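Descriptive structure summary
One-letter residues, chain by chain:
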Amino acid sequence: MGQIIGKTDKGEDIVAYEISGGILKAKIMNFGANLMELHVKMADGSDRDVVLGYNNIEDYFDNDPNYGCTVARCANRIGGAEFTIDGEKYTLEKNDNGKNNLHSGKTSLQRRLWKTVDEAADHVSFTYHSPDGDLGFPGNLDITVTYTIKDNAVIIDYKGISDKKTILNPTNHSYFNLKGEGNGDILDTQVQINADEFTHSDAESIPDGQLIDVTGTPMDFRTYHSVGERVDADYEALNQAGGYDHNYVLKKTDEFRAPEFDHDDKKEYEAAKFKAADDSIEVSVYTDLPGLQFYSGNYISGHDLGKCGKMYPRRGGVAFETQFFPNAINVPTFDQPVIEAGKTFATRTVYKFSAK
């Protein structure tokens, strides 16, 4: 059973649910379908919460960094805050540099109350009805997100259906600190990303269709490197974003296949791995989507009071957001985040943990 942990500004009950399995225990709330806590049981029996979140429930109402939330309808950026489907132009909120759309807008689904439709010891499901024209997007969209813990993995399933052709590109925006939330920055976190290329972006982080080879650049994570090793290197992509905040073009080859996580006729692949500097925790990230946004928390303000009672520092967490490429709807050569009317869309993200 869920526990009421607060009220929205409309007086609605905010309810949190605990699910668990193996070494993992999570707390997820119906506001923003948000992963609030993720505890790992360590080999010595201690407990470590490895995702960032607020100390005060009211702080989630704004949640500018998007700690833990389900981002929808469309994660990441849409250049010019507009797009065209079948000849019809749609205009969105310009909430990024006053020019572009980021994460669907300031009042998007991650800042709304979802309906709980199923709960058990190991999973919880939420659904949201987004009406035609909501946030500027076409179609009456029904989207469901289910969190499941199984075999030391957090499995996040998204399903959506619309009565009009529309965009759907959901992701989870959890920030991880494998030392435990609030325990300093993540510069010593080791990261590996299974990608030979990343998408080139302009000064406003809008991809234009070009793909850049990572070879010989500080963007190359094909073997483990710490976040801090090259995050401040004098390299155009890093200078523009203030560190890592880039979409990687994932390798969908047999060596990265993870058939144990296949679903809905979709094939899953390992996208990335990351681990604590002392090797105490390692996490593998899996997805069926083409891209992964690797974000080193460059714009964490230093003024967010975390669950631990401490202010989170800049780069206090690192995010691995599975996705269609940013601005894909405006770049025809990219895989398109478009769903047909009446057809169910499904995608799955997995974070699989091991603790030593």
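Notes on the structure follow. All figures in this text were calculated on a predicted structure; none of them were measured in a lab. (Residues numbered from 1 in each chain as written. Predicted model: local features only at pLDDT ≥ 70, side-chain atom pairs only at ≥ 80, totals over all residues. Heavy atoms only, no water.)

1. Considerations on the overall build of the protein
Selection criterion: Secondary structure elements follow DSSP: runs of H or I of four or more residues count as helices, runs of E of two or more count as strands, with numbering from the N terminus. As defined in this context, the radius of gyration uses C-alpha atoms, and a globule is described by 2.2 Å times the residue total to the power 0.38. Any residue under 20% of the maximum accessible area for its type is buried, any over 50% is exposed, and the rest in between are partly exposed; the area is computed with a 1.4 Å probe on protein chains only. Throughout, the Shrake-Rupley method with a 1.4 Å probe supplies accessible areas, and for residues the shown protein chains are the sole cover considered.
Helix and strand counts for the protein come out as two helices and 27 strands. Here the C-alpha atoms of the protein give a radius of gyration of 19 Å, agreeing with the 21 Å that 2.2 N^0.38 yields for 356 residues. Its C-alpha atoms give the protein principal-axis dimensions of about 60 × 50 × 40 Å. Counting across all 356 residues of the protein, residues that qualify as buried make up 58%. Here the protein has roughly 13800 Å² of accessible surface; of this, 46% comes from carbon and sulfur atoms.

2. Observations regarding the pattern of salt bridges
Stated formally: Salt bridge criterion: a side-chain nitrogen from Lys or Arg within 4 Å of a carboxyl oxygen from Asp or Glu.
Counting across every chain of the model gives 21 salt bridges. Taking the shortest distance from any N to any O, the salt bridge between Lys-275 and Asp-279 comes out at 3.4 Å. Using a relative accessible area of 18% as the deciding quantity, one classes Lys-275 as buried. The network of salt bridges with shared partners includes Asp-196, Asp-220, Arg-222 and Lys-251.

3. Regarding the environment of Ser-354
For clarity, the threshold we go by: Any two residues whose heavy atoms approach within 4.5 Å at even a single point are treated as in contact.
For Ser-354, the location among the structural elements is in strand β27 (residues 345-355). You can call Ser-354 partly exposed: its relative accessible area is 32%. For the pair Ser-354 and Asp-151, spaced 203 residues apart in sequence, the C-alpha to C-alpha distance is 10.0 Å. Setting aside chain neighbours within four positions, we find Ser-354 in contact with Ile-23, Ser-280, Ile-281 and Glu-282.

4. Observations concerning the packing of aromatic side chains
Our working rule: Between rings of Phe, Tyr and Trp, where Trp is taken as its six-membered ring, a pair exists when centres lie within 6.5 Å; planes separated by under 30 degrees are stacked, by over 60 edge-to-face, and by other angles tilted.
By the definition in use, this model includes 22 aromatic pairs. For the pair Phe-221 and Phe-294, a centre-to-centre distance of 5.3 Å together with 70° between the ring planes defines the contact as edge-to-face. With Phe-221 in the loop between β19 (207-213) and β20 (225-226) and Phe-294 in strand β24 (residues 291-295), the pair connects residues that are 73 residues apart, well separated along the chain. The exposure class of Phe-294 is buried, given its relative accessible area of 0%. With a centroid separation of 4.3 Å and an interplanar angle of 15°, the aromatic rings of Phe-274 and Phe-320 are classed as stacked. One end of the pair, Phe-274, is in strand β22 (residues 269-275); the other, Phe-320, is in strand β25 (residues 319-323), and 46 residues separate them in sequence. For the pair Phe-274 and Phe-320, one class covers both residues: buried.

5. Focus on the environment of Ile-329
Along the chain, Ile-329 falls in the loop between β25 and β26 (338-339). Under the relative-accessibility criterion, Ile-329 is labelled buried at 12%. Sequence separation between Ile-329 and Phe-83 is 246 residues; the distance between their C-alpha atoms is 6.6 Å. Those residues in contact with Ile-329 that lie beyond four places of it in its chain are Ile-78, Phe-83, Ile-85, Ile-167, Gln-336, Pro-337 and Val-338.

6. Let's talk about the nonpolar core
Convention followed: We define a nonpolar core as any set of buried Ala, Val, Leu, Ile, Met, Phe, Trp, Tyr and Cys residues linked to one another through side-chain atoms lying within 4.5 Å.
In terms of nonpolar packing, the biggest core is built from 73 residues, with Tyr-147, Tyr-248, Phe-294 and Phe-353 touching the most fellow members. When residues in this core are grouped by element, the largest group, five residues, is from strand β13 (residues 141-150). Excluding residues within four positions of it along the chain, Phe-353 makes contact with Ile-23, Leu-24, Leu-38, Val-40, Val-50, Asn-152, Phe-176, Ile-281, Glu-282 and Val-283. In terms of nonpolar packing, the next biggest core, distinct from the first, is built from 15 residues, Ala-16, Met-36, Tyr-175 and Tyr-312 among them.

7. Focus on the sheet that holds β24
The strands making up a sheet are joined through hydrogen bonds of the backbone, oriented either antiparallel or parallel. Operational definition: Strand pairing follows a simple DSSP-based rule, namely that at least 2 bridges must link the two strands. The convention used is that axes are lines fitted to C-alpha atoms, helices contributing only their stretch in contact, and that angles between N-to-C directions extend from 0 to 180 degrees.
Sheet architecture is open: five strands sit in the order β19-β18-β21-β24-β25, paired in antiparallel fashion. This sheet does not close on itself; its edge strands, each paired only once, are β19 and β25. Strand-to-strand twist across the sheet, computed as the mean angle between neighbouring axes with direction ignored, equals 35°. In terms of strand pairing, β24 meets β25 through five bridges, oriented antiparallel. Residue pairing for β25: Leu-292 is matched across the bridge by Thr-322.

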